[in-house]
Amino acid sequence: MSDNATFINLFKNQLRNTPPKIVVLTGAGISAESGIKTFRDNDGLWENHRVEEVATPEAFVENPALVYRFYNARREQLQSASVKANEAHKALAKLEKAFQDNLLLVTQNVDNLHEQGGSNRVLHMHGELLSARCSRSEKTFVWRDSFDENTPCPCCGGKTLRPDIVWFGEMPLYMDDIYNALSNADIFIAIGTSGNVYPAAGFVQVAQEAGAYTIEVNLAPSSTNALFDESITGLASAEVPALVEIIINRTAGL
Ligand code: BV8
């Protein structure tokens, strides 16, 4: 954990809003201790395929069975008894309770561990595993079981269901809300992300240009680590609860 005094001094100078407006971005690293593999694990491979190749519209056209299998396997793993929200997820739920609408939690993750940890307002910019989408109507449906091209779509009965996931080359979700929050943020915190995937990896610059104090919490410095005002290196389950305590204690009554 960094020098709290430094953090809070810098932080106080940055405040334009009291209480401060906070944007948190999470990546696969926050779910690693819950037993969900990150994208950089196994050298980014799944069944000897590069994830970047499987998570694409092209792969879905060329080999739909592979892509359905990729998401069915991850959807099943997410619902196994051993996969639970960890202390980092729970700490962010505590931050939401303390800051209400002054906190925006954006996640690149498609798991529901933030929700399992108690967060109520989560923007899944890359979609969600426990959801299916009709390619024709774009309607989405909560979905916990496996499905494939033969599963009839609930809205049109067609063979139109696809994973409700933003693939590489597709536009991420909630971008207007996210950029709006970044441009008004006092504090931007990135947790458990390698900073390799855009446009999420560029959020730190948007926040900084808007005058926010930026903090990275990661097991190892990310590709964009040098852009952050402060870097906290360690396990999310330890560092995130500690950081949340500091923020709540030092802003009480502001
Ligand atoms: C788009 C769903 C057009 C799939 C995902 C510049 C600008 C715009 C686009 C691009 C650009 N350059 C390149 C692009 C294209 C591309 C891209 O970024 N490619 C990369 C590979 C170079 N981006 C896109 O295609 C995006 N769309 O660009 O649309 C557009 C956009 C804007 C404006 C106009 C047009 C869409 C990208 C979304 C792809 N879908 N997810 C699925 O999940 O199956 S991305 C997927 O990979 C994840 O969601 C996640 O975002 C990403 C993996 O990143 P991380 O979460 O960071 O995970 P990673 O494993 O890499 O790192 C984990 C970190 O945790 C590590 O640093 C590790 O040290 C740390 N860690 C591990 N354990 C712990 C820990 N930290 C703390 N505690 C621990 N215990």
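As the structure is a prediction and not an experimental result, all values here were calculated from the model.

Thresholds, definitions, all that
- Residues numbered from 1 in each chain as written.
- Predicted model: local features only at pLDDT ≥ 70, side-chain atom pairs only at ≥ 80, totals over all residues.
- Heavy atoms only, no water.
- Core = buried A, V, L, I, M, F, W, Y, C linked by side-chain atoms within 4.5 Å.
- Buried < 20%, exposed > 50% of the residue type's maximum accessible area, 1.4 Å probe, protein only.
- Helix = DSSP H or I, 4+ residues; strand = E, 2+ residues; numbered from the N terminus.
- Contact = heavy atoms within 4.5 Å.
- Pairing = 2+ DSSP bridges.
- Arc of directions from axis to C-beta.

### Here's the deal with the nonpolar core
Val-67, Tyr-71, Leu-78, Leu-161 and Trp-167 are the most contacted members of the largest nonpolar core, which totals 27 residues. If you list the elements that add at least two residues to this core, you get helix H3 (51–54), helix H4 (57–62), helix H5 (64–78), strand E6 (127–134) and strand E8 (161–165). If one sorts the elements of this core by residue count, H5 sits on top with 6 residues. Beyond its immediate chain neighbours, meaning those up to four positions away, Tyr-71 contacts Ala-55, Leu-129, Pro-163, Ile-165 and Trp-167. Ranked by size, the runner-up nonpolar core spans 23 residues in total, among them Ile-215, Val-217, Ile-232 and Val-240.

### Section: the pairing of E6
Each regular strand displays side chains that alternate between the two surfaces of the sheet. Of all 8 residues in E6, 7 are buried, a share of seventy percent or more. Where E6 and E8 come together, 4 bridges link them in antiparallel fashion. Within E8, the position partnered with Cys-134 by the bridge is Leu-161. Sheet topology note: the E6/strand E7 (residues 140–142) ladder contains 3 bridges and is antiparallel. Bridge pairing in E7 places Ala-132 opposite Phe-141. Hairpin connection, E6 to E7: the antiparallel pair is bridged by 5 residues, and Glu-138 has positive phi, about 70°.

### Let's talk about helix H8 (residues 175–183)
Along H8, the positions that sit buried rather than exposed are Met-175, Ile-178 and Leu-182. Viewed along the axis of H8, the buried residues span an arc of 65°, placing them on a single side of the element. On its buried face, H8 is in contact with strand E1 (22–26), strand E4 (103–107), strand E5 (122–124), strand E9 (187–191) and helix H9 (203–209).

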